[in-house]
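Residue-level structural notes
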Amino acid sequence: MNIKCVNSKIEVRLDELLSSLSIALDLTENKSLDHSRRTAYISYRIAEKLNVNQDIKENVYYASFLHDIGISNMPYQGSLEEIHSSLNLKKAHSDMGYKIVKNLPFDEDISKYILYHHENYDGSGPNFIARDDIPIGAQIISIGDYFDIAHKRGDISNKEKERMRELIKSNKNKKFNPEIVEALLELMETDKFWLDLSINLNYEVMNLITPEKVKLITIDELGQIAKAFSVIIDGKSKFTHLHSTGLANNVYKVAKYIGFDEQKSRKMEIAGYLHDIGKLAVPNYILDKPGKLTVEEFNIIKTHAYWTKLILSQVKSFRDDIAQWAGNHHEKLNGQGYPEKLKGDEITKEDQIVGICDIYQALTEDRPYRKGMDKLTALSIIKDIVYSGGFDEKIYKLFKEAI
Ligand SMILES: [Fe+2]
Ligand SMILES: [Fe+2]
Ligand SMILES: [Fe+2]
């Protein structure tokens, strides 16, 4: 890829971005919806209580959203409970998460918190480090994570509160730092804590706790984060290992060719990286199925575009552009697309560019049931879609000239 240097801050808030991307991570098979956001809520509240410094508090918040990012890249996809009850699997996803996040434009501590989020206070965790050797932020996330997995969601009965209290207390000095245990127990004394956690999806609550200082990121940083997620998305199935990166490159090429400025072309490239993020919610037995899909299986595949738009729309500054371009990539001018059956003017030029690049990319890649096609055959298939009213002919021509 060319060296592109647009370094001005854009109006993308890091907290919104990570919070929204974490929804996709938690939608991955067998994961627990909103686990990362709930971990962020609990951990951030504990950090506030402990009065740790501002940097630690913020890093705990950001790291919580990504703490289990390594699970998405592991061949073994058990339930959260299973993964979190084996020392090997704890180590595997913590190491993998560290590897992914350490190259991203975040404070170094964030990747360290992820690496050590399963250490035990007494040194019996995956890397056998103990007490003050475990970064305080990692210790906080560890208990937040544990609490969310162990707590029966929505149950605010005294019996459940008592059970959780006993569980947390019994791990004092073993799994957890005694001071952090005390801070959590204090929080658990308040109704607010339980009520906040009882709200499904937690959106309203999450929006109320954000670090005081809003962190905006540059388009380059956004590009790096989006690319890392595209690797996770593409890695989900062996048949798509280059899909989003290949598509994003073409989208960028077409955008530049059309004459869009650098900033807009980069944003379109980012929509390309993330267009299939909703696929994390689609089970692998369907994505990798060698034969023809049943109608019901195809219906499940189709949900990915819906999820893509919903997830990306959580970032306010994506709502009018990136979330639309990414989420509309299966819509067709003739109203035959999905998931909204948009028609004509409702589908923008940018949506169509991502849509055409997606089909081109898919046709030229190997699939479980066929080899990848050559460029000319792929183009002739897209032309047929143009003739049947799926895409604008002018945009198709520009695409053909650009690639
Ligand atoms: Fe974990
Ligand atoms: Fe976790
Ligand atoms: Fe798609």
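Residues numbered from 1 in each chain as written. Chains lettered and ligands numbered in written order. Predicted model: local features only at pLDDT ≥ 70, side-chain atom pairs only at ≥ 80, totals over all residues. Heavy atoms only, no water.

Structural notes on the coordination of the iron ion (ligand 3)
- Summarising the metal site, the iron ion (ligand 3) is bound by the protein donors Asp 276 (OD), His 304 (NE2), His 329 (NE2) and His 330 (NE2), whose distances to it range over 2.2 to 2.5 Å.
- One way to put it: the four donor atoms around the iron ion (ligand 3) meet at angles of 81 to 164°, and that makes the site irregular.
- Mapped onto the polypeptide sequence, the residues donating to the iron ion (ligand 3) form the spacing pattern D-x27-H-x24-H-H. Separated by 28 residues along the polypeptide, Asp 276 in the loop between α14 (262-274) and α15 (284-287) and His 304 in helix α16 (residues 295-312) bring together distant segments of the chain. Residue Asp 276 shares its accessibility class with His 304, and that shared class is buried. (Donors = N, O, S within 2.8 Å, 3.2 Å for Na, K, Ca; no water. Tetrahedral: all angles 85-135°; square planar, octahedral: opposite > 155°, others 65-115°. Helix = DSSP H or I, 4+ residues; strand = E, 2+ residues; numbered from the N terminus. Buried < 20%, exposed > 50% of the residue type's maximum accessible area, 1.4 Å probe, protein only.)

As for the coordination of the iron ion (ligand 2)
- Summarising the metal site, the iron ion (ligand 2) is bound by the protein donors His 35 (NE2), His 67 (NE2), Asp 68 (OD) and Asp 145 (OD), whose distances to it range over 2.1 to 2.2 Å.
- Here the iron ion (ligand 2) binds four donor atoms, and the angle range of 80 to 175° at the metal identifies the geometry as irregular.
- Spacing between the donor residues of the iron ion (ligand 2) along their common chain follows H-x31-H-D-x76-D.
- Distance-wise, the iron ion (ligand 1) is placed 3.6 Å from the iron ion (ligand 2), both being coordinated by Asp 68. Of this pair, Asp 68 sits in the loop between α3 (54-66) and α4 (80-83) while Asp 145 sits in helix α7 (residues 136-150), and the two are 77 residues apart along the sequence.

Some points on the UniProt feature "domain: HD-GYP" (unreviewed entry) in the protein
- When the UniProt feature table is mapped onto this chain numbering, "domain: HD-GYP" (unreviewed entry) sits at residues 10-200 and 218-403.
- Spanning residues 218-403, this segment combines 61% helix with 1% strand, and its end C-alpha atoms are found 27 Å apart. (UniProt positions renumbered as here; feature names shortened; annotations may be inferred.)

Quick notes on the packing of helix α19 (residues 375-387) against helix α20 (residues 393-402)
- Put simply, α19 and α20 touch, their axes get as near as 10 Å, and they point 165° apart. Considering the angle they form, α19 stands roughly antiparallel to α20. When the axes of α19 and α20 are compared, the crossing they make is right-handed. Residues Leu 379, Ile 382, Lys 383, Val 386 and Tyr 387 of α19 form the contact with α20, whose own contacting residues are Glu 393, Tyr 396, Phe 399 and Lys 400.
- Of the residues belonging to the contact of α19 with α20, the class tally is six nonpolar, no polar and three charged. (Axes fitted to C-alpha atoms, helices over the stretch in contact; angles between N-to-C directions. Parallel < 35°, antiparallel > 145°, perpendicular 65-115°, else oblique. Left-handed = near helix turned anticlockwise from the far one by under 90°. Contact = heavy atoms within 4.5 Å. Nonpolar A, V, L, I, M, F, W, Y, C, P; charged D, E, K, R; others polar.)

A few points about the layout of surface pockets
- Reported here for the largest pocket is a volume of approximately 970 Å³.
- If you trace the largest pocket, you find 33 residues lining it, with Lys 279, Phe 298, Ala 362, Arg 367 and Tyr 369 closest to the centre.
- Broken down by secondary-structure element, the contributors of at least two residues to the lining of the largest pocket are α12 (219-235), α15, α16 and α18 (349-364).
- Sort the elements by how many residues they give to the lining of the largest pocket and α18 lands first, with four residues.
- Tallied by class, the residues present in the lining of the largest pocket amount to 14 nonpolar, nine polar and 10 charged. (1 Å grid on protein atoms, 1.4 Å probe; cavity = no way out; pocket = protein on both sides within 12 Å on 5 of 7 lines; lining within 4 Å. Points joined across faces, edges and corners; volume = space filled by probe spheres on them.)

Comments concerning the nonpolar core
- Core analysis: the biggest nonpolar cluster contains 104 residues, and Leu 66, Phe 147 and Phe 193 have the highest contact counts within it.
- Looking at this core, you find at least three residues from each of domain 1 (35-200) and domain 2 (219-402).
- Ile 71, Met 74, Leu 80 and Ile 83 belong to the second largest nonpolar core, which has five residues in total. (Core = buried A, V, L, I, M, F, W, Y, C linked by side-chain atoms within 4.5 Å. Domains from an automatic or database assignment.)

A closer look at empty space enclosed by the protein
- This model, assessed by the stated rule, comprises two cavities of 30 Å³ or more.
- Its boundaries defined by the atoms lining it, the largest cavity holds a volume of some 50 Å³.
- Lining the largest cavity are Tyr 116, Glu 119, Tyr 121, Ile 134, Ala 138, Gln 139, Ser 142, Lys 175, Phe 176 and Asn 177.
- Split into classes, the residues belonging to the lining of the largest cavity amount to five nonpolar, three polar and two charged.

Describing the pattern of salt bridges
- Inspection of the entire model under this criterion finds 29 salt bridges.
- Between Asp 148 and Arg 153 there is a salt bridge, and its shortest N-O distance comes to 3.2 Å.
- Judged by relative accessible area, Asp 148 falls into the buried class, the value being 3%.
- A relative accessible area of 35% places Arg 153 in the partly exposed class. (Salt bridge = Lys/Arg side-chain N within 4 Å of Asp/Glu carboxyl O.)

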